[in-house]
Amino acid sequence: MKNERYLERCAQLANLADSRVGDSPRVGAVLVHQDRIIGEGYHQIAGQAHAEVNCLASVRPADRPLIPEATLFISLEPCCIVGRSGACTNVIKEHGIKSVVFAQRDSTPGVNGASVAILEAAGVAVTEYPAFQPTLAVNAHRRVMALKGRPFVSLKFAQSADGFLRPADRSADYWITNPISRRLVHRWRANTSAIIVGGRTVVEDDPSLTTRLFPGRNALAVIIDPRNRVSGNEKLFASSQRPLLFAGSERKDINAEVVVMGKELNKAALTQVLTLLMEQRLGHVTVEGGAGILQAFIRAGLWDEARVFTGKTSFRAGVPAPELPAAATRVSVERVGSDLLEVYSRS
Ligand SMILES: NC(=O)c1ccc[n+]([C@@H]2O[C@H](COP(=O)([O-])OP(=O)(O)OC[C@H]3O[C@@H](n4cnc5c(N)ncnc54)[C@H](OP(=O)(O)O)[C@@H]3O)[C@@H](O)[C@H]2O)c1
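Definitions and cut-offs
Residues numbered from 1 in each chain as written. Predicted model: local features only at pLDDT ≥ 70, side-chain atom pairs only at ≥ 80, totals over all residues. Heavy atoms only, no water. UniProt positions renumbered as here; feature names shortened; annotations may be inferred. Helix = DSSP H or I, 4+ residues; strand = E, 2+ residues; numbered from the N terminus. Contact = heavy atoms within 4.5 Å. Pairing = 2+ DSSP bridges. Axes fitted to C-alpha atoms, helices over the stretch in contact; angles between N-to-C directions. Near = heavy atom within 4 Å. Polar contact = N/O pair within 3.5 Å; in protein donor to acceptor, adjacent residues only side chain to side chain. Areas by Shrake-Rupley, 256 points an atom, 1.4 Å probe, with all protein chains shown as cover. 1 Å grid on protein atoms, 1.4 Å probe; cavity = no way out; pocket = protein on both sides within 12 Å on 5 of 7 lines; lining within 4 Å. Sits in = over half its atoms within 2 Å of the grid points. Buried < 20%, exposed > 50% of the residue type's maximum accessible area, 1.4 Å probe, protein only. Arc of directions from axis to C-beta.

For the protein, an unreviewed UniProt entry supplies the name Riboflavin biosynthesis protein RibD and the organism Neolewinella agarilytica. Taken verbatim from the UniProt record of the protein, the Function (unreviewed entry) comment is "Converts 2,5-diamino-6-(ribosylamino)-4(3h)-pyrimidinone 5'-phosphate into 5-amino-6-(ribosylamino)-2,4(1h,3h)-pyrimidinedione 5'-phosphate."

Written as structure tokens, this is what we have:
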């Protein structure tokens, strides 16, 4: 039971990582000596120190002599290959650690059990918890990338109490969600690599899609615009970070990276979008609307999770919210102030 408690802490630490972790795994590590945590760390930035290294670096000088007698808990199998940083199996051996507990194996080619063999050959006791749920959830995006060859796709939208994304009358200002939910959305933005919106949303709402209500970097803005609705004068095109524009046909004189996707909004077109994002090593993307783009991803079955806010106001008429398939599973429901937040998974 104690092992699970420390692995749970590893999952919490892993979840502290934001989008700077890129398509690398989110990993947390805890060093425990006689039931006392003497070190903690997580993988923060792709290509930089791994969780194990940050955890060991956090141990106070007075506790450093205890390291060889301590148990290292990690949410994921340690790496054994030299990539952008060194092999963690070497770090473990160099510190004389004799006991390692981790949850899942790392499916990265060249790892996947190889680290267990290396550690055991060096006399390190290794215990695995392959079915441990909290750590499985942390790296859902990695499994989608490995199995489906595309990024993890999260849908996010807010609907009125009577199921509209926006009112028919757009002359007056309206907000569906409260300030707490809006801040939460910006926290999610700090954790995603790209935000996808439709061309009509860019024209009608002129969003900036920045992470301004939460510390973190801005995700790449991706616009899907098969009917060439955007003019190029909207806020996104004045941003220092050029957006990626999937356009119906060639667009000149527009401050964006333009990819011609053709005039269709079908599964092939969206697969083209996701393939390109995957090639750019963007492991987690969020579709923020509008209705047409969200529904197209749902129709194509190209989504993994949907986060749906329902506010208190009723619009009576407007743009209907997208419909999730009946097979979608509601995995959580909670109140965020006056709003309801439901999270669904595709199956
Ligand atoms: N409450 C929320 O969470 C939320 C979030 C984002 C946006 N919104 C609202 O959603 C509204 C925009 O939604 P939307 O559905 O109109 O547009 P959208 O999803 O932003 O953009 C979809 C784009 O794809 C085009 N399209 C649709 N079906 C197509 C097809 N079969 N083939 C080729 N192209 C196709 C549309 O063309 P057309 O231009 O011809 O329609 C449109 O330009 C905005 O008013 C915004 O306020 C609400």
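Chemist: Go over the UniProt feature "active site" (unreviewed entry) in the protein, please, and point to the residues and values.
Modeler: Under the feature "active site" (unreviewed entry), the UniProt entry names Glu-52. In this structure, Glu-52 sits in helix 2 (residues 51–57). Here Glu-52 is in contact with Ala-29, Leu-72, Ile-74, Pro-78, Cys-79 and Cys-88, once residues within four sequence places are set aside.

Chemist: Just give me the short version of the sheet that holds strand 8 (residues 194–198), but keep the residues and values in it.
Modeler: One open sheet accounts for nine strands, arranged 11-10-9-8-12-6-13-16-15; its pairing is mixed. Looking at the sheet topology across the chains shown, the edges are occupied by strand 11 (257–260) and strand 15 (329–336). On average, adjacent strands in this sheet sit at an angle of 20° to one another, irrespective of strand direction. As paired strands, strand 15 and strand 16 (residues 339–345) are joined by seven bridges and run antiparallel to one another. Bridge pairing in strand 16 places Thr-329 opposite Ser-345. Together, strand 6 (152–159), strand 8, strand 9 (220–225), strand 10 (244–247), strand 11 and strand 12 (284–289) form the strand contacts of helix 9 (residues 267–279), whose direction differs from that of strand 10 by roughly 155°.

Chemist: Give a description of the site of the ligand that names residues and reports values.
Modeler: Arg-166, Thr-201, Glu-204, Arg-229 and Gly-292 are the nearest of the 23 residues found near the ligand. A distance of 2.4 Å separates an oxygen atom of the ligand from a polar atom in the side chain of Glu-204. A distance of 3.2 Å is found between an oxygen atom of the ligand and a backbone nitrogen or oxygen belonging to Gly-290. Taken by itself the ligand offers 920 Å² of open surface, and the protein chains cover 83% of this. The pocket occupied by the ligand, as judged from atoms lying within 2 Å of grid points, is the largest pocket.

Chemist: Got a sec to walk through helix 4 (residues 114–121)? Specific residues and values, please.
Modeler: Restricting attention to buried positions, one finds in helix 4 the residues Ser-115, Val-116 and Leu-119. The arc that holds every buried residue of helix 4, seen down its axis, measures 100°, which confines them to one face. Contact partners of the buried residues in helix 4: helix 3 (88–94), strand 4 (99–104) and strand 5 (125–128). At the C-terminal side of helix 4, Gly-123 shows a positive phi close to 85°.

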